[in-house]
Amino acid sequence: MLNMTRRAVLGTAAAAAAFGLNSKLEFALPAMAATPLEPAVGHYKYKVGSIEITAVYDGIWRKPHDPAFIKNASIDDTKEALAKAGLTTEFMPIPLTVVVLNVGGKLIMMDAGSGVGQWQTNATHLPANMAAAGIDYKKIDTIMISHFHPDHVWGLMEKGTNAPVFPNAELIVNAYEYNWWTDPGRVDKLAEGRKDAGRRIAANFPKWKNWRLVDDGAQVAPGIQLVSAPGHTPGHSVYLIDAGSEQLMVSADIMYVPALLAPHPEWEGSYDQDGPMAVATRRKLIDRVIADNIKICGSHFPFPGSGTFVKDGNSYGFTPMVQA
Ligand SMILES: [Zn+2]
């Protein structure tokens, strides 16, 4: 209990300092219980330094418990982690949030969402929540992509026809990720469960002319750097945003569901292409976020998808940002 209290207090203080009073943060214990699985309002604006961030909720995968989900943990272990975070143990809750940045009048979306039901039947809300947030989906200038898993890129394609949803937007991705997935012969080498996704990527993405392939460390827009974060996929990347007085790491899937991986950063997910590498990347980048006081958001964090990490021995404490 002492440990929980210390973690919560540290997390709350750090987050309050980080996000400022104007974002009207409220924290509750256990912290994650305060974030409903389906938010009543699926869009939320906050500021990091000079940049306005709009978090937009896509939906949730109510994933049935599966003993293979975490390679080095049992269903009982994962249920225990969910319960400690105040979350349901009836299923594995995997929410999905996309962030849109307004940088100098340009709209930059981080990942494309899951394509209105093309990933999970409960993840259909992105277009409506974008509209409710006042963002014209069709006017997105740039999409910065973390990796080529369906929940992050199926939003680039129309269901059925595979027609590009954003033919005029600049699509930025780590060249390594792009080349890995579109390498001739890749599909045959993929695990069975990934073959359909691999086929769809290989058949469609190379036809498009609006890709911009970049390497690790590239400055992809003013103040925005791509940082290679491999393991989850070979070219998985995060984006580090210098927003003047503050920095933000758009961390995609390095911390996946924090209720599981903050207290157990050593857990290797079945969704990780290379488990040990994903663990090493997770520790390296979360340690950096903590040491350099960088704000962080993640695709599968509780909505609105942002929060604060603190060191807790060999693991981490996590305090989510809660919608005011
Ligand atoms: Zn994901």
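That block above? That's the structure.
*Asks:* Whenever I open this one, the overall build of the chain confuses me. Can you help?
*Replies:* If you tally the helices and strands in the chain, you get nine helices and 14 strands. Considering only contacts in the chain between residues 6 or more positions apart, those separated by 24 or more positions represent 68%. Surface summary for the chain: the accessible area is close to 13200 Å², and the carbon and sulfur share equals 54%.

*Asks:* Is there a simple way to explain the sheet that holds strand E5 (residues 142-144) in this structure?
*Replies:* Think of a sheet as strands paired side by side through backbone hydrogen bonds, with each pair either parallel or antiparallel. Strands sit in the order E1-E2-E3-E4-E5-E6-E7 across an open sheet of seven strands; the sheet is mixed. Each edge of the sheet is formed by a strand with only one pairing partner; in this case those strands are strand E1 (43-48) and strand E7 (211-214). Along the sheet, successive strands turn relative to each other by an average axial angle of 25°, direction set aside. Two strands pair when backbone bridges link them, and strand E4 (residues 106-110) and E5 are joined in this way by three bridges, in the parallel orientation. For Met109, the partnering residue across the bridge sits in E5 and is Ile143. Packed onto the sheet, helix H5 (residues 175-182) meets strand E6 (170-174) and E7 and runs at close to 85° relative to E6.

*Asks:* Mind showing me how you'd approach the coordination of the zinc ion here?
*Replies:* Six octahedral donors at a metal ideally form angles of 90 or 180 degrees, and four tetrahedral donors ideally form angles of 109.5 degrees. Within the protein, the atoms that donate to the zinc ion are Asp151 (OD), His152 (NE2), Asp253 (OD) and His300 (NE2), at distances of 2.1 to 2.2 Å. Around the zinc ion, the four donor atoms are arranged such that angles at the metal cover 85 to 163°; this shape is classified as irregular. In terms of primary sequence, the donors binding the zinc ion are separated according to D-H-x100-D-x46-H. Of this pair, Asp253 sits in the loop between strand E11 (246-250) and helix H8 (258-261) while His300 sits in the loop between strand E12 (295-297) and strand E13 (306-312); the two residues are 47 residues apart in sequence, bridging distant segments of the chain.

*Asks:* Sorry, what's going on with the packing of aromatic side chains here?
*Replies:* We describe a pair of aromatic rings using the distance from one ring centre to the other and the angle between the two ring planes. Applying the stated rule across the entire model yields 18 aromatic pairs. Between Tyr44 and Tyr46, the ring centres sit 6.3 Å apart and the planes meet at 35°, which makes this aromatic pair tilted. Of the two residues examined, Tyr44 and Tyr46, each falls in the buried class. The interplanar angle of 80° and the centroid separation of 5.1 Å between the aromatic rings of Trp180 and Trp181 together place this pair among those described as edge-to-face. By relative accessible area, which is 1% here, Trp181 ends up buried. The residue whose ring lies beneath Arg186 is Trp180, and the NZ or CZ to ring-centre distance is 3.9 Å. Against the face of Trp154 rests Arg200, its NZ or CZ located 4.6 Å from the ring centre.

*Asks:* So what exactly am I meant to see when it comes to empty space enclosed by the protein here?
*Replies:* Gaps left between atoms are located by rolling a probe of water-molecule size over the structure's atoms. For the structure shown, the criterion picks out five cavities of 30 Å³ or more. Its boundaries defined by the atoms lining it, the second largest cavity holds a volume of some 70 Å³. Every residue lining the second largest cavity is listed: Thr97, Val98, Val99, Met110, Val250, Cys297, Gly298, Ser299 and Gly305. Here the lining of the second largest cavity gets three residues from one element, more than from any other, and that element is strand E3 (residues 92-103). Across the lining of the second largest cavity, the residue classes tally to five nonpolar, four polar and no charged.

*Asks:* Got a minute to help me understand the environment of Gly134 in this structure?
*Replies:* Mapping Gly134 onto the fold places it in the loop between helix H3 (126-132) and E5. It is 9.7 Å that separates the C-alpha atoms of Gly134 and His43, two residues lying 91 residues apart in sequence.

*Asks:* Help me understand unusual backbone geometry, please; the structure alone is not making it clear to me.
*Replies:* A negative phi holds for most residues other than glycine; trans holds for most peptide bonds. Cis geometry marks the peptide bond from Phe303 to Pro304; its omega dihedral reads 10°. Backbone geometry at Val116 places phi at a positive 50°, although glycine is not the residue there. Its place among the elements puts Val116 in the loop between E4 and H3. Its relative accessible area of 45% is what places Val116 among the partly exposed residues.

*Asks:* Quick question: what am I supposed to make of the environment of Ser270 here?
*Replies:* If you trace the backbone, Ser270 turns up in the loop between H8 and helix H9 (275-291). Between the C-alpha atom of Ser270 and that of Asn72, which follows or precedes it by 198 residues, the distance is 9.7 Å. Discounting chain neighbours no more than four positions away, the residues touching Ser270 are Ala68, Phe69 and Lys71.

*Asks:* Can you walk me through the nonpolar core in this structure?
*Replies:* Across soluble globular proteins, nonpolar side chains have a tendency to be buried as a group. Counting residues in each nonpolar core, the largest one holds 36 residues, and the members touching the most others are Phe69, Met249, Ile254, Met255, Leu260 and Phe309. When residues of this core are traced back to their parent elements, those giving at least two are helix H2 (75-84), E3, strand E10 (237-243), H8, H9 and strand E14 (315-320). Among residues more than four places away in sequence, those in contact with Phe309 are Met255, Pro258, Ala262, Ile286, Ile290, Ile296, Phe301, Tyr316, Gly317 and Phe318. Among the nonpolar cores identified, the runner-up in size contains 33 residues, and Val98, Val100, Ile201 and Phe205 belong to it.

Rules behind the numbers
Residues numbered from 1 in each chain as written. Predicted model: local features only at pLDDT ≥ 70, side-chain atom pairs only at ≥ 80, totals over all residues. Heavy atoms only, no water. Helix = DSSP H or I, 4+ residues; strand = E, 2+ residues; numbered from the N terminus. Contact = heavy atoms within 4.5 Å. Areas by Shrake-Rupley, 256 points an atom, 1.4 Å probe, with all protein chains shown as cover. Pairing = 2+ DSSP bridges. Axes fitted to C-alpha atoms, helices over the stretch in contact; angles between N-to-C directions. Donors = N, O, S within 2.8 Å, 3.2 Å for Na, K, Ca; no water. Tetrahedral: all angles 85-135°; square planar, octahedral: opposite > 155°, others 65-115°. Phe/Tyr/Trp six-rings, centres within 6.5 Å; stacked < 30°, edge-to-face > 60°. Buried < 20%, exposed > 50% of the residue type's maximum accessible area, 1.4 Å probe, protein only. Lys NZ or Arg CZ within 6 Å of the ring centre and 35° of its normal. 1 Å grid on protein atoms, 1.4 Å probe; cavity = no way out; pocket = protein on both sides within 12 Å on 5 of 7 lines; lining within 4 Å. Points joined across faces, edges and corners; volume = space filled by probe spheres on them. Nonpolar A, V, L, I, M, F, W, Y, C, P; charged D, E, K, R; others polar. Core = buried A, V, L, I, M, F, W, Y, C linked by side-chain atoms within 4.5 Å.

Spatial relationships are all this shows, so hold off on functional conclusions.
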